[in-house]
Amino acid sequence: MWMSTVARLALPALQRSTSAMTRQALRACRRPGPTAAPLPPCLVSLHLRGRHTLESASLPVSRHLVRHVRALDDDRQMEVEWEDGGHSLYPFTWLRDNCQCPLCTLQSAQARTLLLADLDIHTGVDVVEVTNDNKVSIVWPDQHVSVFDAEWLKKRCFSPAARLAMQEELFLNRRYYWDSTLRIPSADFDEVLRDDKAALAWLLALRRVGMVYLKGAPAEQGQVARLAERIGYLRLTFYGHTWQVQDKPMANNVAYTSGKLSLHTDYPALHFAPGVQFLHCINQAKEGGESEVVDGFHMAEQLQREDPEAFQTLTSLRVDFTDTGTDYCDFMLQSKNCIIDVDADGRVVKINYNNATRDSVLDLPLHQVQPFYRALKAYVDIMNRPENVVTYRMEPGDIVTFDNWRLLHGRKSYISRPERLRHLEGCYLDWDEVMSRLRILRKAVHEDL
Ligand SMILES: C[N+](C)(C)CCCC(=O)O
Ligand SMILES: O=C(O)CCC(=O)C(=O)O
Ligand SMILES: [Fe+2]
Ligand SMILES: [Zn+2]
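Quick caveat: nothing in here was measured; it's all calculated off a predicted structure.

**Quick notes on the overall build of the protein chain**
Inference 1: The secondary structure content of the protein chain amounts to twelve helices and 25 strands.
Inference 2: Taking all 449 residues of the protein chain together, the buried fraction comes to 52%.
Inference 3: A separation of at least 24 residues holds for 75% of the contacts in the protein chain among residues at least 6 apart in sequence.
Inference 4: Of the accessible surface of the protein chain, which amounts to about 21100 Å², a share of 52% is contributed by carbon and sulfur atoms.

Next comes the structure, spelled out in structure tokens:
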């Protein structure tokens, strides 16, 4: 199994920017150039999805100076002319709504106290001017005064490019797509727990690549919970705070047998499936039990290209999923999910597919049943192509952390030995909490420089 070390590679890049750091961390996943030392043949092809460059994700370091401001009263907008020649427009309504003064904002919570009932969405302005400390001050008709920081305004510019850059900084939605040549980004378990830079590199790669391998954890229960605490808190489900993947009598889930698990995302029986999954190998089988993963977003893109009709079907038809049993407590789940979720702009955002929990109830008109199976088969066939699948074998102490909205994972069947049971411990988190920690770490690491 070939891997690249995210933490170590990320360090020198920190002097530049977060995005440079990501780039550095991810460079490890690329196939080395012809000048590199003799290398294993099976490395990497990643390509970046998205329209803009990595640089736009960087935290701004330059200082933006305001040259001039003026009120465009007819448009009810304020225009800022920047020292570098650029211009930004800000609607009066938005400016009044976002007044940062202690009357309009609860400073301790950085939250708006101004009520919408008290916002005049047709307001004019009396005076706009640049202060001598590079701020913009506005006097409103009722003589309320707002003062805006130039940097703060610049980041909130409404131009398409500025909005795109801000959204990328907040959400890191650009992904590196991969296939079987991926070198799984890897990091040291203890380092990630101890060191903020290592933790940041881990979460950046988890977001961009969708998967990071952590090595060196103790081969005993409790480690995925420690890792979840590093971020915030884990996601409780009916299978418990953490759960033990073992061959169990009267298994309440196909995962708890020694059988093969075809490529799946976990928990499509929930309408909001867990965003992130950790799996820690405590004991591996002597024979079988190897792991497989594919990049579900990349596979969806391939499906869209090769078979647009199937893509259309899987992004529009909602499929029933079901899960009944007892574990943390008794449960009887039903959900309806598209196999491929797209956002309002048609971008793939989440895969929901576990063949084991797909319900026999299929809420489709008769004529859509066969087209649905045809489409699902087309997607699964693409996933199962050897050039798309990454195979690895977990050993005791290994933890795989991955994007459960994006990756599909599976395992080969194994021979179960009761005296030395194969044992993985797993847990879930959600992306909101993971991204929250990522932003805090990014801020802390940048301020530390
Ligand atoms: C591993 N486990 C049992 C917690 C969940 C398996 C995934 C699923 O049923 O969708
Ligand atoms: O046993 C494994 O390797 C994977 C288990 C799994 O996918 C699951 O528990 O959902
Ligand atoms: Fe799973
Ligand atoms: Zn105010």
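**Comments concerning the sheet that holds strand S3 (residues 66-72)**
Inference 1: Taking strand neighbours across the sheet as the criterion, the three strands line up as S3-S4-S5 in an open arrangement whose pairing is antiparallel. Across the chains shown, the open sheet's two edge strands, defined by having one partner strand only, are S3 and strand S5 (87-91). Ignoring which end each strand starts from, the neighbouring axes of this sheet average 20° apart.
Inference 2: Bridging between S3 and strand S4 (residues 77-82) involves six bridges; their strand directions are antiparallel.

**A few points about helix H9 (residues 296-306)**
Inference 1: A large share of H9 lies buried, amounting to eight of its eleven residues.
Inference 2: Gly-296, Phe-297, His-298, Met-299, Ala-300, Glu-301, Gln-302 and Leu-303 are the residues of H9 that are buried.
Inference 3: By the N-cap criterion, in which a side-chain oxygen at the helix start approaches the backbone nitrogen of a residue two or three places on, H9 is capped by Asp-295, the distance to Phe-297 being 3.2 Å.

**Quick look at the UniProt feature "domain: Gamma-butyrobetaine hydroxylase-like N-terminal" (unreviewed entry) in the protein chain**
Inference 1: Mapped onto the present numbering, the UniProt feature "domain: Gamma-butyrobetaine hydroxylase-like N-terminal" (unreviewed entry) falls on residues 72-153.
Inference 2: Helix makes up 12% of residues 72-153 and strand 37%, whereas the separation of the span's terminal C-alpha atoms amounts to 17 Å.

**A word on the coordination of the iron ion (ligand 3)**
Inference 1: Around the iron ion (ligand 3), the protein contributes the donor atoms His-264 (NE2), Asp-266 (OD) and His-409 (NE2), at 2.1 to 2.2 Å from the metal centre.
Inference 2: One chain supplies every donor for the iron ion (ligand 3), spaced along it as H-x1-D-x142-H. One end of the pair, Asp-266, is in the loop between strand S15 (261-264) and strand S16 (276-283); the other, His-409, is in strand S24 (residues 407-411), and 143 residues separate them in sequence.

**Description of the site of ligand 2**
Inference 1: Taken together, Val-245, Ala-255, Leu-261, His-264, Asp-266, His-409, Arg-411, Arg-422 and Leu-424 make up the full set of residues near ligand 2.
Inference 2: The side chain of His-264 places a nitrogen or oxygen atom 3.2 Å from an oxygen atom of ligand 2.
Inference 3: Between ligand 2 and Arg-411, the relevant distance is 2.9 Å, taken from an oxygen atom to a side-chain nitrogen or oxygen of the residue.
Inference 4: Relative to its unbound accessible area of 290 Å², ligand 2 is 95% covered by the protein chains.
Inference 5: At the level of elements, S15 and S24 are the ones that each hand at least two residues to the shell around ligand 2.
Inference 6: Broken down by class, the residue content of the shell around ligand 2 amounts to four nonpolar, two polar and three charged.

**Looking at the site of ligand 1**
Inference 1: Contacts to ligand 1 come from Tyr-239, Trp-243, Asn-253, Tyr-256, Asp-266, Tyr-267, Pro-268, Asn-354, Thr-357 and Tyr-428.
Inference 2: In the model, an oxygen atom of ligand 1 is placed 2.7 Å from a nitrogen or oxygen of the Tyr-267 main chain.
Inference 3: Here ligand 1 has 310 Å² of accessible area as a free molecule, and 97% of this is covered by the chains.

About the criteria used
Residues numbered from 1 in each chain as written. Chains lettered and ligands numbered in written order. Predicted model: local features only at pLDDT ≥ 70, side-chain atom pairs only at ≥ 80, totals over all residues. Heavy atoms only, no water. Helix = DSSP H or I, 4+ residues; strand = E, 2+ residues; numbered from the N terminus. Buried < 20%, exposed > 50% of the residue type's maximum accessible area, 1.4 Å probe, protein only. Contact = heavy atoms within 4.5 Å. Areas by Shrake-Rupley, 256 points an atom, 1.4 Å probe, with all protein chains shown as cover. Pairing = 2+ DSSP bridges. Axes fitted to C-alpha atoms, helices over the stretch in contact; angles between N-to-C directions. Polar contact = N/O pair within 3.5 Å; in protein donor to acceptor, adjacent residues only side chain to side chain. UniProt positions renumbered as here; feature names shortened; annotations may be inferred. Donors = N, O, S within 2.8 Å, 3.2 Å for Na, K, Ca; no water. Near = heavy atom within 4 Å. Nonpolar A, V, L, I, M, F, W, Y, C, P; charged D, E, K, R; others polar.

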